[in-house]
Amino acid sequence: MTVNRLFVGYMVLVGLLIGGILVAAPQLGDFWIKPYFWVLIAAFLFDGAVVVLGYNAAGMRLAMEWRLLGFAIGIALMVIVLKLTGSPAKYF
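None of the values given here were measured: they were computed from a predicted structure.

### Comments concerning helix 2 (residues 35-52)
The terminal C-alpha atoms of helix 2 lie 26 Å apart, and with 18 residues this matches the ideal 26 Å at 1.5 Å per residue to within 8%. Three or more residues of helix 2 are buried, namely Pro-35, Trp-38, Val-39, Ala-42, Ala-43, Phe-46 and Val-50. Buried positions in helix 2, seen along its axis, are confined to an arc of 140° and lie on one side of it. The exposed residues of helix 2 that point more than 90 degrees off its buried face are Phe-44, Leu-45 and Val-52.

In structure tokens, the structure reads:
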């Protein structure tokens, strides 16, 4: 499995997890770091782990298109979870 696909799977989990956290505790959406930044921070942590683990060799790098796709999927899933549950949490 490539690093790109691992990243997308990771971002799916991140989006669902953050959505679940905001459903359980909607007041966290009012924190000074907004939830969409949580998704961005999670993406940054994955990118850092890729570099630390040595996957930054040619052909093993995380492509920018996949970063954008993963970020969009994470945000979309977070919003979908909140909309489907009717949570009053703020995410933007």
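### Digging into the packing of helix 1 (residues 3-24) against helix 3 (residues 64-85)
Axis separation between helix 1 and helix 3 bottoms out at 8 Å; the angle between their running directions is 25°. Put simply, helix 1 runs roughly parallel to helix 3. For the pair helix 1 and helix 3, the sense of crossing is right-handed.

### A few points about the nonpolar core
Ranked by internal contacts, the top residues of the largest apolar core, which has 19 residues, are Phe-7, Ile-18, Leu-22, Val-39, Phe-46, Met-78 and Leu-82. Contributing elements (two or more residues each) for this core: helix 1, helix 2 and helix 3.

### Thoughts on the pattern of salt bridges
The final tally for this structure, using the stated rule, is one salt bridge. Between Arg-67 and Asp-47 there is a salt bridge whose closest N-O contact spans 3.3 Å. Here the residue Arg-67 occupies a position in helix 3, and Asp-47 occupies one in helix 2, the gap between them amounting to 20 residues. Of the residues examined, Arg-67 reaches a relative accessible area of 27% and is grouped as partly exposed. With relative accessibility at 22%, the residue Asp-47 sits in the partly exposed group.

### Topic: helix 3
Taking 1.5 Å of rise per residue, the 22 residues of helix 3 would be expected to cover 32 Å, and the 32 Å separating its terminal C-alpha atoms lies within 8% of that figure. Here helix 3 has its buried residues at Gly-70, Gly-74, Ile-75, Met-78, Val-79, Val-81 and Leu-82. Seen along its axis, helix 3 keeps its buried residues to an arc of 160°; they face one direction. Every exposed residue of helix 3 that faces more than 90 degrees away from the buried side is listed here: Glu-65, Leu-68, Lys-83 and Leu-84. Residues of helix 3 that are buried make contact with helix 1 and helix 2.

What counts, and at which threshold
- Residues numbered from 1 in each chain as written.
- Predicted model: local features only at pLDDT ≥ 70, side-chain atom pairs only at ≥ 80, totals over all residues.
- Heavy atoms only, no water.
- Helix = DSSP H or I, 4+ residues; strand = E, 2+ residues; numbered from the N terminus.
- Expected span 1.5 Å × (residues − 1).
- Buried < 20%, exposed > 50% of the residue type's maximum accessible area, 1.4 Å probe, protein only.
- Arc of directions from axis to C-beta.
- Axes fitted to C-alpha atoms, helices over the stretch in contact; angles between N-to-C directions.
- Parallel < 35°, antiparallel > 145°, perpendicular 65-115°, else oblique.
- Left-handed = near helix turned anticlockwise from the far one by under 90°.
- Core = buried A, V, L, I, M, F, W, Y, C linked by side-chain atoms within 4.5 Å.
- Salt bridge = Lys/Arg side-chain N within 4 Å of Asp/Glu carboxyl O.
- Contact = heavy atoms within 4.5 Å.

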